[in-house]
Amino acid sequence: MRAITITEPGGPDVLALVDQPEPRPSTGEVLLDVVATAVNRADLLQRQGHYPSPPGASEILGLECSGRVAELGEGVTDLQIGDEVCALLAGGGYAERVAVPAGQVMPVPPGVDLVTAGGLPEVTCTVWSTVVTGARLAAGEVFLVHGGSGGIGTHAIQVGAALGAHVATTASATALPQCAELGAQTLIDYREQDFAEILQGKVDVVLDNMGAKYLQRNITALAPGGRLVVIGMQGGSTAELDLGSLLVKRASVAAAGLRGRPVDGPGSKSEICREVTRLLWPMFADGRVRPVTHATLPLAEAAEAHRMMAAGGHHGKIVLIAGD
Ligand SMILES: NC(=O)c1ccc[n+]([C@@H]2O[C@H](COP(=O)([O-])OP(=O)(O)OC[C@H]3O[C@@H](n4cnc5c(N)ncnc54)[C@H](OP(=O)(O)O)[C@@H]3O)[C@@H](O)[C@H]2O)c1
């Protein structure tokens, strides 16, 4: 099969589509013929040599995909050859075939085509596990989504609105009208405005992609009992925290990743995939949530897709189609 490999750590040009050994499904896994995958910021870091695959995972890039079940590993009984699915991966998505634990395989959400579904597992599982399961966002609360125009942001705005929260978002000025169409009600230009000044003491849940750069301002924005969830470190990973400002608000700070979670058990990827299928897929069925795709490129143009994400200014996911 062909897959994108990294010739050596570096810029987008180190990505090359080459022949690779076929993956084999172990016990409890299935082999998928990949139809589409999508770019995640973690892929850019992995390409640069800063984010190695977890032990045992494929070294090929790609944290999500859609495709068809091609082979069942021993012990897999709840999937059938030919099923059209999407899957959360620990790696290996930038390829024509990938092996994945059956628990991380989900049906394609109702009304979504198979190519577009390749860009859904990361955003849906990340947002659901952090904002809904973790921070327990409730109807009537104020939900601040940073980076509202990105893959995560475009999805988080819709989930927040669907749950009945008041959604505030930070994005580039040109992207704010699209954020409003997705359901954001308070629109903040992150280059020109200070979100902490605008939202001071009002926010119940923050979904943060900036890390260190926004830490103290996020806490300023929190309301009493507020919950800050950090999922990205685009603004650095180390910052000073005034615990007094948390204490006085009885607020909490959490940080959570998806890739390193166990396959099974409490807090696992399989558990998240089950919850997403059961509780979020119905929101796709009735149109409360829809996929947002910025661009769809062939897998052979992965380098161009990486340049696109690094440049910013995209709106939603960048999807890669496997095969010819
Ligand atoms: N923890 C996890 O499990 C997990 C899983 C998936 C993703 N993530 C993280 O989540 C973040 C978003 O991922 P993604 O796939 O949505 O990436 P993305 O599509 O590239 O989105 C990133 C967004 O950040 C915006 N941004 C840049 N600087 C900003 C600032 N100062 N303030 C507010 N927004 C700013 C960008 O807007 P412009 O383009 O207009 O600059 C862009 O819309 C990344 O940090 C990623 O690593 C974490």
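Since we're looking at a predicted model, the values are computed, not measured.

**Student:** What exactly am I supposed to notice about the packing of aromatic side chains here?
**Tutor:** The description of an aromatic ring pair rests on the distance of the ring centres and on the angle between the ring planes. Scanning all chains against the criterion turns up two aromatic pairs. A centroid spacing of 4.8 Å and a plane angle of 55 degrees characterise the contact between Phe195 and Tyr214, whose relative ring orientation is tilted. With Phe195 in helix H6 (residues 195-199) and Tyr214 in the loop between strand E11 (203-208) and helix H7 (215-221), this residue pair connects regions lying 19 residues apart in the sequence. Across the pair, Tyr214 and Phe195 agree in class, each one buried.

**Student:** I tried to follow the packing of helix H3 (residues 121-134) against helix H9 (residues 269-285) on my own but got confused; where do I start?
**Tutor:** For any two helices packed against each other, one specifies the crossing angle of their axes together with the interaxial distance. Across the interface, H3 lies against H9 with an axial gap of 10 Å and an inter-helix angle of 100 degrees. Between H3 and H9, the crossing angle belongs to the class labelled roughly perpendicular. Of the residues in H9, those touching H3 at Thr124, Cys125, Trp128 and Ser129 are Ile272, Cys273, Glu275, Val276, Leu279, Leu280, Trp281, Met283 and Phe284. Of the residues that constitute the contact of H3 with H9, the class distribution is 10 nonpolar, two polar and one charged.

**Student:** Teacher, can you tell me more about the site of the ligand here?
**Tutor:** Around the ligand, the surrounding shell holds 25 residues, and the nearest of these are Arg41, Ser172, Tyr190, Tyr214 and Gly313. One of the backbone N or O atoms of Gly147 is found 3.4 Å from a nitrogen atom in the ligand. Side-chain polar atom of Ser172 to an oxygen atom of the ligand: 2.4 Å apart, as the coordinates give it. Contact with the protein chains covers 89% of the free accessible surface of the ligand, which is 920 Å². Of all elements in the fold, only H3 and helix H4 (151-162) reach the threshold of two or more residues within the shell around the ligand.

**Student:** I tried to follow the nonpolar core on my own but got confused; where do I start?
**Tutor:** Soluble globular proteins tend to pack their nonpolar side chains together in the buried interior. Within the largest apolar cluster, 46 residues are counted, with the highest numbers of intra-cluster contacts made by Cys125, Phe143, Val276 and Leu280. Per-element accounting of this core gives the leading share, seven residues, to H9. Sequence-distant contacts of Cys125, that is, excluding residues within four places in its chain, are made with Leu88, Met106, Leu258, Ile272, Cys273 and Val276. Judged by nonpolar contacts, the second largest core, of 33 residues, contains Ile60, Leu61, Val85 and Ala305.

**Student:** Teacher, can you tell me more about the pairing of E11 here?
**Tutor:** Looking along a regular strand, one sees the side chains alternate between the two faces of the sheet. The buried fraction of E11 is high, at six of six residues. Relative to E11, strand E8 (residues 142-146) runs parallel, the two being bridged by three bridges. Note that in E11 the partner of Phe143 across the bridge is Val205. Note that E11 and strand E12 (residues 222-230) share five bridges and pair parallel. Bridged to Val205 within E12 is Arg227. For the handedness criterion, the β-α-β arrangement of E11, H7 and E12 is classed as right-handed.

**Student:** Help me out: how do you make sense of the pattern of salt bridges in this one?
**Tutor:** A side chain with one charge may pair with a side chain of the opposite charge, provided their charged atoms come close. Following the criterion strictly, the structure yields 12 salt bridges and no others. Between Arg2 and Glu96 there is a salt bridge, with the nearest N and O atoms lying 2.9 Å from each other. Of this pair, Arg2 sits in strand E1 (residues 2-6) while Glu96 sits in the loop between strand E5 (84-88) and strand E6 (97-101), placing them 94 residues apart in sequence. By relative accessible area, Glu96 is classed as buried at 19%.

**Student:** Which parts of the structure should I look at to understand unusual backbone geometry?
**Tutor:** Excluding glycine, residues mostly have negative phi values, and the peptide bonds linking residues are mostly trans. Of note, Arg136 is a non-glycine position whose phi angle comes to about 50 degrees, a positive value. The phi angle at Arg250 is positive, at roughly 50 degrees, despite the residue not being glycine. One can find Arg250 in the loop between helix H8 (243-247) and strand E13 (252-255).

**Student:** I would appreciate a short explanation of the sheet that holds strand E9 (residues 166-171) in the present structure.
**Tutor:** Paired through their backbone hydrogen bonds, the strands of a sheet run either parallel or antiparallel. Strand order in the open sheet made by the six strands is E10-E9-E8-E11-E12-E13, with parallel pairing throughout. In the strand order of this sheet, the two ends are held by strand E10 (186-189) and E13, each with one partner. If you compare each strand with its neighbour and ignore which way they point, the axes differ by 15 degrees on average. Where E12 meets E13, four bridges bridge the pair, whose relative direction is parallel. Paired with Arg227 across the bridge in E13 is Ser252.

**Student:** How should helix H10 (residues 302-311) be read in this particular structure?
**Tutor:** Because an α-helix packs 3.6 residues into every turn, residues spaced three or four apart end up facing the same way. Burial in H10 covers these residues: Ala302, Ala303, Ala305, His306 and Met309. Angular distribution of buried residues about the axis of H10 spans 160 degrees; they occupy a single face of the element. In this structure, the buried residues of H10 make contact with E1, strand E2 (15-19), helix H1 (41-47), strand E14 (293-298) and strand E15 (317-321). Directly after H10, the chain includes Gly312, whose backbone phi takes a positive value near 75 degrees.

About the cut-offs
- Counting of residues starts from 1 at the beginning of each chain's written sequence and follows it residue by residue.
- In view of the model being predicted, local features appear only for residues whose pLDDT reaches at least 70, and side-chain atom pairs are presented and counted only at 80 or more, with totals across whole chains, interfaces and linings using the full set of residues.
- Hydrogen atoms and water are omitted, and side-chain values are computed over all heavy atoms in the structure.
- Centres within 6.5 Å make a pair out of two Phe, Tyr or Trp rings, where for Trp the six-membered ring is used; the pair is then stacked when the planes are under 30 degrees apart, edge-to-face when over 60, and tilted otherwise.
- Secondary structure follows DSSP: runs of H or I at least 4 residues long count as helices, runs of E at least 2 residues long count as strands, and numbering of each begins at the N terminus.
- Exposure categories follow from relative accessible area, calculated using a 1.4 Å probe and restricted to protein chains: below 20% of the type maximum is buried, above 50% is exposed, and the middle band is partly exposed.
- The axes used here are C-alpha line fits, helices contributing only the stretch in contact, and every angle between their N-to-C directions lies in the interval 0 to 180 degrees.
- What sets the label is the angle itself: under 35 degrees gives roughly parallel, over 145 gives roughly antiparallel, 65 to 115 gives roughly perpendicular, and the rest give oblique.
- We call two residues in contact when some of their heavy atoms are within 4.5 Å.
- Here the term charged refers only to Asp, Glu, Lys and Arg, the term nonpolar to Ala, Val, Leu, Ile, Met, Phe, Trp, Tyr, Cys and Pro, and the term polar to all other amino acids, Gly among them.
- A cutoff of 4 Å decides nearness: a residue is near a molecule or strand if any of its heavy atoms lies inside that distance of it.
- Polar contact is the term for a pair of N or O atoms within 3.5 Å; when the atoms are in protein, one must be able to donate a hydrogen and the other to accept it, and sequence-neighboring residues count only if both atoms are side-chain atoms.
- Each accessible area is a Shrake-Rupley result for a 1.4 Å probe, and residues are judged covered by the shown protein chains and nothing else.
- Definition of nonpolar core: a set of buried residues of the types Ala, Val, Leu, Ile, Met, Phe, Trp, Tyr and Cys, connected through side-chain atoms within 4.5 Å.
- At least two bridges found by DSSP between two strands is the condition for calling them paired.
- Here the term right-handed applies to a crossover when the path leading from its first strand over the helix to its second strand runs clockwise, the strands being oriented away from the viewer.
- Salt bridge, as applied in this entry: a Lys or Arg side-chain nitrogen positioned within 4 Å of an Asp or Glu carboxyl oxygen.
- Working definition: the arc comes from the directions between the helix axis and the C-beta atoms, pointing outward to the latter.

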